[in-house]
Amino acid sequence: MKRELRLAQKTFVEGQIGQNVNDTNTMWKTIRSCIPKKSASARSFCKDDKTMANEFNRFFTSVGKTTLDKIQSLADECGYIPSHASFVPIQYPLSEQFTFRNVECCEIERVVKSLANNKAPGTDKIPSRVIKESAPVIIPSITSITNSSFNSGVFPSAWKMAEVCPIPKEGDHEEVSNNRPISLLPILSKVCEKVALDQLTSYLREKQRLASNQSGNKKWDSTETSLVSSTDAILRAIDQTKVTAVVYLDMSKAFDSIKHEILLNKLKNIGLSSSALTWFCSYLPQRSQVVCINSTLSDALPVVCGVPQGSVLGALLFSIYVNDLPAVSQRCSTECYVDDTKLLLYSRLGMLTKQRTLSIMIYI
């Protein structure tokens with residue numbers, strides 16, 4: 001009996017993979033279903049759940065601020081004055097600026113239908129399945145709230161509270177740093193964000209305001225396009241009998257340590273109007289979060305920097321924040337994928353015995 005069940009499962013899995021060769025999302029879901037899952041039993045701690053939840057929350061909310069303090073300390077030690085102190089955003093004509101437009105119920109309906117059923121809800125505990133099933137009744141209200149938010153420049157404060165679930169990594173799970181924070185926001189906030197994302201992305205693509213060297217968070221771009229571009233550059237250097245030195249940069253706590261005032265200047269620099277900036281001035285600050293451990297919530301603490309974790313707009317906002325990074329180096333070519341950056345420097349060797357080059361890789 002067991003053998004027949006295994007054969008039936010194997011046949012089903014093979015069929016699912018064969019039918020979804022071009023659908024990587026479904027394929028990976030099928031593969032993950034074959035992997036044994038860890039026990040979902042409650043985690044035990046030496047302290048009570050409330051105390052541990054508060055300790056976890058204090059650590060998670062301090063990560064961004066601690067990183068910024070380290071950056072400032074290092075800059076002071078090296079006598080470095082950040083260039084953003086004298087940064088002046090480009091002033092675009094009104095006709096070239098981005099402004100949010102009102103949306104119709106059909107657009108909100110499309111966004112709601114695209115919600116994944118398995119997405120965990122935020123502090124309001126309203127799952128996406130409930131929103132989708134009640135869509136005919138609530139879509140006019142969601143549309144009205146979204147348009148009111150864009151017109152008034154105010155992002156609802158109820159949507160700025162996140163519930164964080166710590167997921168253990170390797171090591172002692174009671175050690176806070178051995179846990180990965182997964183931030184959950186209200187599903188309805190993501191509907192509004194998705195509308196904002198679609199409008200802003202369309203504008204940036206039309207005006208070509210994002211760096212071509214950035215392959216992350218862009219349609220038709222991926223890790224593959226970044227890898228192919230770098231490989232082609234190295235192969236061209238080989239054809240010219242040049243050595244290629246590659247420096248890999250990886251930003252630490254990149255999403256957590258973004259300064260809001262700098263990000264707002266960067267948003268203005270890519271062409272956002274004053275009304276759109278007002279909306280982002282409401283969207284970014286005055287956020288807070290709680291940590292949930294075994295169904296017990298911590299006290300709420302403010303999040304003073306970084307892009308909202310678990311948000312729809314977070315990835316694009318980070319890309320805008322580092323949009324001018326590829327233009328900094330004047331002697332190297334640059335390839336970026338989100339917070340990973342490759343600097344490529346080419347140099348001709350005086351004497352080569354063979355028509356080949358060496359690639360020197362340095363990790364920082």
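Just so it is clear, the model here is predicted, and its values are computed rather than measured.

In this section: the environment of A211. Among the secondary structure elements, A211 is positioned in the loop between α7 (187–207) and α8 (223–239). Non-local contacts of A211, meaning those with residues more than four positions away in its chain, are made with K218, N323 and P326.

This part takes up the pattern of salt bridges. Enumeration over the complete set of coordinates arrives at 11 salt bridges. The partner of K113 in a salt bridge is E109, with the nearest N and O atoms 3.5 Å apart. Of this pair, K113 and E109 both sit in helix α4 (residues 105–113), separated by 4 residues, roughly a single helical turn. The exposure class of K113 is exposed, given its relative accessible area of 58%. Its relative accessible area of 34% is what places E109 among the partly exposed residues. For K125, the salt bridge identified is with E163, shortest N-O distance 3.0 Å.

As a further point, take unusual backbone geometry. Even without being glycine, Q208 reaches a positive phi, approximately 55°. Within the fold, Q208 resides in the loop between α7 and α8. Under the relative-accessibility criterion, Q208 is labelled exposed at 68%. With a phi angle near 55°, V338 is a residue other than glycine that sits in the positive phi range. Here V338 lies in the loop between β7 (333–337) and β8 (340–348). We classify V338 as buried; its relative accessible area is 13%.

The rules behind each value
- Residues numbered from 1 in each chain as written.
- Predicted model: local features only at pLDDT ≥ 70, side-chain atom pairs only at ≥ 80, totals over all residues.
- Heavy atoms only, no water.
- Helix = DSSP H or I, 4+ residues; strand = E, 2+ residues; numbered from the N terminus.
- Contact = heavy atoms within 4.5 Å.
- Salt bridge = Lys/Arg side-chain N within 4 Å of Asp/Glu carboxyl O.
- Buried < 20%, exposed > 50% of the residue type's maximum accessible area, 1.4 Å probe, protein only.

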